[in-house]
Amino acid sequence: MKTILVAGGAGYIGSHMVALLVEKGYDVVVVDNLCTGHWQAVRGAKLRVGDVRDAAFLDRVFTDDPIDGVINFAAYSLVGESVTDPLKYYGNNLAGAQSMLTAMKNHKVNKIVFSSTAATYGEPEKQPIEETDRTDPTNPYGASKLAIEGMLKWCDRAYGIRYAALRYFNAAGSNTAVGIGEDHSPETHLIPLVLKTALGQQAHIGIFGDDYPTADGTCIRDYIHVRDLAEAHLLALEYLDRGGESGPFNLGSGDGFSVKEIIDTARKVTGKPIPAKVEPRRAGDPSILIASNQKARQVLGWVPHRGLEEIISDAWTWHQSHPQGYGK
């Protein structure tokens, strides 16, 4: 493999994937419509601005460059918005995946790593969550990703397009060496919101419920450094290139941290007080979500190396140097 197409490569996780591929010597082509991504985050790759739902645009991309494999991050990903506007999520996420797979079939590209989500599981039956557990999404975002996993399965059988569907838990952190990080609008993720509070950009961080059946009463989640996440994608692509079998893989640290533990760690890292305020629970928030990453370890040879303090420290470095995000 020499040339990799990264769809959504101007986004948070996508840009970290691009940085790793460039570091490893791959030629990288990024396709992104920049509706949520940032051109400033694309370093060392060819950026083609366009929508993955545009078949003619994708055909030109595949014609112009000898694509050997695809990593697809292109999707809408706000859970709350997906509930209020499900057609937007089905229309974008499924149509984009169908368009990409069609282009791959037409141009005889047979490897894709797909950005899926732990939201495919819905309310878990047990902890830690394994890939063989029931998938029953509780929101349209997760449902759209699960539907794409089904599309991938059938395309593998029909056209020989092999895939790895990587089900993320909570990505965080930044690549301090390259100078890229997390800049969403609106921001909905806990760690960047905690750090925005540390910067004085909001008065307090909200804790949505402190009466869950956990040690300190707050929800527990599995956090994974975005650079560890990118490394898993490359291992998955190389696994497929060796003829590996298609399927889903959980990507999480295997450890759980509560909301209060995240805030306390951020206070330690930043040296800031970070005021917190307990607010009402949000509907549909499970008490605990922790990944079993044993399949990724055993099959892909993936080991997450970066712990919670490094995640928050790297994120803090980014937010301090980019208090208003990219290009501001």
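Just above sits the structure.
The shown structure was predicted, so the numbers you read here are calculated from the model rather than taken from an experiment. (Residues numbered from 1 in each chain as written. Predicted model: local features only at pLDDT ≥ 70, side-chain atom pairs only at ≥ 80, totals over all residues. Heavy atoms only, no water.)

Colleague: Explain helix H7 (residues 226-241) here, please?
Modeller: For an α-helix, the turn length of 3.6 residues means that residues three or four places apart are oriented alike. The end-to-end C-alpha separation of H7 is 23 Å, in line with the 22 Å expected for 16 residues at 1.5 Å each. Of all the positions in H7, only Val-226, Asp-228, Leu-229, Ala-230, Ala-232, His-233, Leu-234, Ala-236, Leu-237, Tyr-239 and Leu-240 are classed as buried. Positioned one or two residues after H7, Gly-243 has a phi angle of 95°, which is positive. (Helix = DSSP H or I, 4+ residues; strand = E, 2+ residues; numbered from the N terminus. Expected span 1.5 Å × (residues − 1). Buried < 20%, exposed > 50% of the residue type's maximum accessible area, 1.4 Å probe, protein only.)

Colleague: Hey, could you run me through the pattern of salt bridges in this one?
Modeller: Where side chains of opposite charge bring their charged atoms close, a pairing between them can arise. Enumeration over the complete set of coordinates arrives at 16 salt bridges. One salt bridge connects Arg-306 with Asp-228, and the closest N-O pair in it is separated by 2.6 Å. On the criterion of sequence distance, the pair formed by Arg-306 in the loop between helix H9 (294-300) and helix H10 (308-321) and Asp-228 in helix H7 is long-range, its members being 78 residues apart. The pair Arg-306 / Asp-228 is uniform in exposure class, with both members buried. Each of Lys-126, Glu-130 and Asp-133 takes part in a single network of salt bridges with overlapping partners. (Salt bridge = Lys/Arg side-chain N within 4 Å of Asp/Glu carboxyl O.)

Colleague: Is there a simple way to think about the side chain of Asp-51 in this case?
Modeller: Tracing the chain through its elements places Asp-51 in the loop between strand S3 (46-49) and helix H2 (55-64). For Asp-51, a relative accessible area of 19% gives the class buried. Within the structure, Asp-51 has its side chain in polar contact with the side chain of Asn-33 (distance 3.2 Å). Setting aside its immediate chain neighbours within four residues, Asp-51 contacts Asn-33 and Phe-57. (Polar contact = N/O pair within 3.5 Å; in protein donor to acceptor, adjacent residues only side chain to side chain. Contact = heavy atoms within 4.5 Å.)

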